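Now for the letters of each chain:
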Amino acid sequence: IQDLQNFHNLMGHTIELHVKGFASDEHCCAVLIQPSTNIHVENSNPHITVAHSRSVKPVYSNQLLSNRNKILPYNDAVPLVSILLAVKHDQTQVW
């Protein structure tokens, strides 16, 4: 939850992201994104983990995206509009 403090003022608000690429393997699939708003992201590959197998944790997306050969880039940015929220593992909403 401490990591989410930086995003507290954006929670519940609509944000727009641009899909820049996609990567997948037998363990995971992730969408490489670029925030359209001024969101500070410390991750070198901002992304959304779409799905992962039980054999890996969601953080595996970082490893997957670190291999540029696995990324299928999108030349035209695809907009993705969402409401930002965070959910704990027990399915309760943060804030």
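These numbers come from a predicted model, not from an experiment.

**Some remarks on the overall build of the protein**
Here is step 1: A count of helical and extended segments in the protein gives 1 helix and 4 strands.
Here is step 2: Buried residues in the protein amount to 26% of all 95 residues.
Here is step 3: Considering only intrachain contacts with a sequence separation of at least 6, the fraction spanning at least 24 residues in the protein is 56%.
Here is step 4: Here the protein has roughly 6800 Å² of accessible surface; of this, 51% comes from carbon and sulfur atoms.

**Focus on a nonpolar patch on the surface**
Here is step 1: On the surface, Ile 48, Val 50 and Leu 80 cluster together into a nonpolar patch covering about 220 Å² of accessible area.
Here is step 2: Tracing the chain through its elements places Ile 48 in strand β3 (residues 47–52).
Here is step 3: We classify Ile 48 as partly exposed; its relative accessible area is 33%.

**Here's the deal with the sheet that holds strand β1 (residues 14–24)**
Here is step 1: What the 4 strands build is an open sheet, ordered β3-β2-β1-β4; its pairing is antiparallel. A single partner strand is all that each edge strand has here, and the edge strands are β3 and β4 (71–83). The sheet shows a mean angle of 30° between the axes of neighbouring strands, direction not considered.
Here is step 2: Pairing between β1 and strand β2 (residues 28–35): 7 bridges, direction antiparallel. Looking at β2, one finds that Leu 17 is bridged to Pro 35.

**Brief notes about the environment of Leu 65**
Here is step 1: Considering the arrangement of structural elements, one finds Leu 65 in helix α1 (residues 60–66).
Here is step 2: For the pair formed by Leu 65 and Gly 21, sequence separation is 44 residues and the distance between their alpha carbons is 9.8 Å.
Here is step 3: The contacts of Leu 65, once residues within four sequence positions are left out, are Ala 23, Ala 30, Leu 32, Asn 45, His 47 and Ile 71.

Analysis parameters
Residues numbered from 1 in each chain as written. Predicted model: local features only at pLDDT ≥ 70, side-chain atom pairs only at ≥ 80, totals over all residues. Heavy atoms only, no water. Helix = DSSP H or I, 4+ residues; strand = E, 2+ residues; numbered from the N terminus. Buried < 20%, exposed > 50% of the residue type's maximum accessible area, 1.4 Å probe, protein only. Contact = heavy atoms within 4.5 Å. Areas by Shrake-Rupley, 256 points an atom, 1.4 Å probe, with all protein chains shown as cover. Patch = residues over 30% accessible without salt bridge, like charges linked within 9 Å, V, L, I, M, F, W, Y side chains within 5 Å. Salt bridge = Lys/Arg side-chain N within 4 Å of Asp/Glu carboxyl O. Pairing = 2+ DSSP bridges. Axes fitted to C-alpha atoms, helices over the stretch in contact; angles between N-to-C directions.

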